[in-house]
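Next come the chains, spelled out residue by residue.
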Amino acid sequence: INAEYGGRNPKDAMTVTSQPGSRGGDKEIEEYLLHLDPADIAKWTTAQVCSQFLERIEFAYLTDNFTVNNITGKVLLLLEERNLVEMGVNVIGDRLMILSYLKLLKKKKIEADKMATLWSGETPAPGIAYSEDCCQCLAKMCCWCCITRKMWRITGQGIFYRIVPPCSMFTTVRQEYIDFRFLKDMELRSRNNCACCCKTHELIMYAEQADKDSEDSVTSRGEYTLLHPHAEKVEKVVRTAWSNARLVAD
């Protein structure tokens, strides 16, 4: 007997003694779950799991089961059917409904993880060494808006970059995307720039592109260059994310 559970045996708290009556609309519940932020869920305490999840999906009668087993937000996102069985959720229909709701939360977490920024940066980077030529170097010192810039963002899904033309208020900003599924190879290079005075690092990425103008959908190989002081770090970030993306695909 444990005083923490009001003098009850913890195992007794895990025994389902009653079941809910008629339940509300699943559509409203799904909409509620889809609006939850996975980052916030991960911070939930056991009490919050019971109030923000169990009660909202109309399974409040399982509060004792979740409390006894210390189901926090992080644990909630890891639950599988065998765990629910071990927790004493013996009604098959209830288990399946809970699992279907958990599937929504887990799917949203996977999507959020994919879109989380792993690295971001801008090219051309500040400094003489990372200028393509003398003209660009002078423009960087005198007028940044006269330079075509690229805003890079690497996520677990791929590489995004926005191309901002000179004087962008009069032109269109274009966004490009390299999906890790089509990334084929990478090469990290070091070279001397500015009359061999400065050593720079650049990351060359090779990816396949679909030819939009071709009816046969012939693919061509594109080359993308990141000339940036963080090129070595970016290469490691991209390789890790690329490897993880391939594991998920397999």
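Here the structure is shown first, and the text comes after it.
Source: prediction; values computed, not measured.

Participant: How would you explain helix α2 (residues 26-34) if you had to name every residue and give the values?
Facilitator: Buried residues of α2: Ile29, Tyr32 and Leu33, and no others. Looking down the long axis of α2, one finds its buried residues gathered within 95° of arc, a one-sided arrangement. The exposed set on the far side of α2, more than 90 degrees from its buried face, consists of Lys27 and Glu28. In this fold, the buried residues of α2 make contact with α4 (46-54) and α8 (92-115).

Participant: Give a detailed account of unusual backbone geometry, specifying residues and quantitative values.
Facilitator: The linkage connecting Thr123 with the following residue, Pro124, adopts the cis geometry, with an omega of 5°. Along the chain, Pro124 falls in the loop between β1 (119-123) and α9 (134-142). In this structure, Glu58 takes a positive phi of about 65° despite not being glycine. Here Glu58 shows up in the loop between α4 and α5 (63-68). By relative accessible area, which is 28% here, Glu58 ends up partly exposed. Located in the positive-phi region is Asn70, a residue other than glycine, with phi close to 55°. Structurally, Asn70 can be placed in the loop between α5 and α6 (73-76).

Participant: Account for the environment of Met115, naming residues and giving values.
Facilitator: The topology assignment puts Met115 in helix α8. By relative accessible area, which is 33% here, Met115 ends up partly exposed. Along the chain, Met115 and Gln157 lie 42 residues apart, while their C-alpha atoms are 6.4 Å from each other. If we ignore the near neighbours within four places in the chain, the residues touching Met115 are Arg153, Thr155, Gln157 and Phe160.

Participant: Tell me what's going on with the packing of aromatic side chains, and back it up with residues and numbers.
Facilitator: One pass over the structure, following the stated rule, counts four aromatic pairs. Among the aromatic residues, those joined into a cluster by ring pairs are Trp152, Tyr161 and Tyr224. Its end group placed over the ring of Trp242, Arg246 keeps NZ or CZ at 4.4 Å from the ring centre.

Participant: Help me get a handle on the side chain of Arg95, residues and values and all.
Facilitator: Residue position: Arg95 is located in helix α8. Setting aside anything within four residues of it in sequence, one finds Arg95 in contact with Glu81, Leu84, Val85, Val89 and Asn90.

Criteria and cut-off values
- Residues numbered from 1 in each chain as written.
- Predicted model: local features only at pLDDT ≥ 70, side-chain atom pairs only at ≥ 80, totals over all residues.
- Heavy atoms only, no water.
- Buried < 20%, exposed > 50% of the residue type's maximum accessible area, 1.4 Å probe, protein only.
- Helix = DSSP H or I, 4+ residues; strand = E, 2+ residues; numbered from the N terminus.
- Arc of directions from axis to C-beta.
- Contact = heavy atoms within 4.5 Å.
- Phe/Tyr/Trp six-rings, centres within 6.5 Å; stacked < 30°, edge-to-face > 60°.
- Lys NZ or Arg CZ within 6 Å of the ring centre and 35° of its normal.

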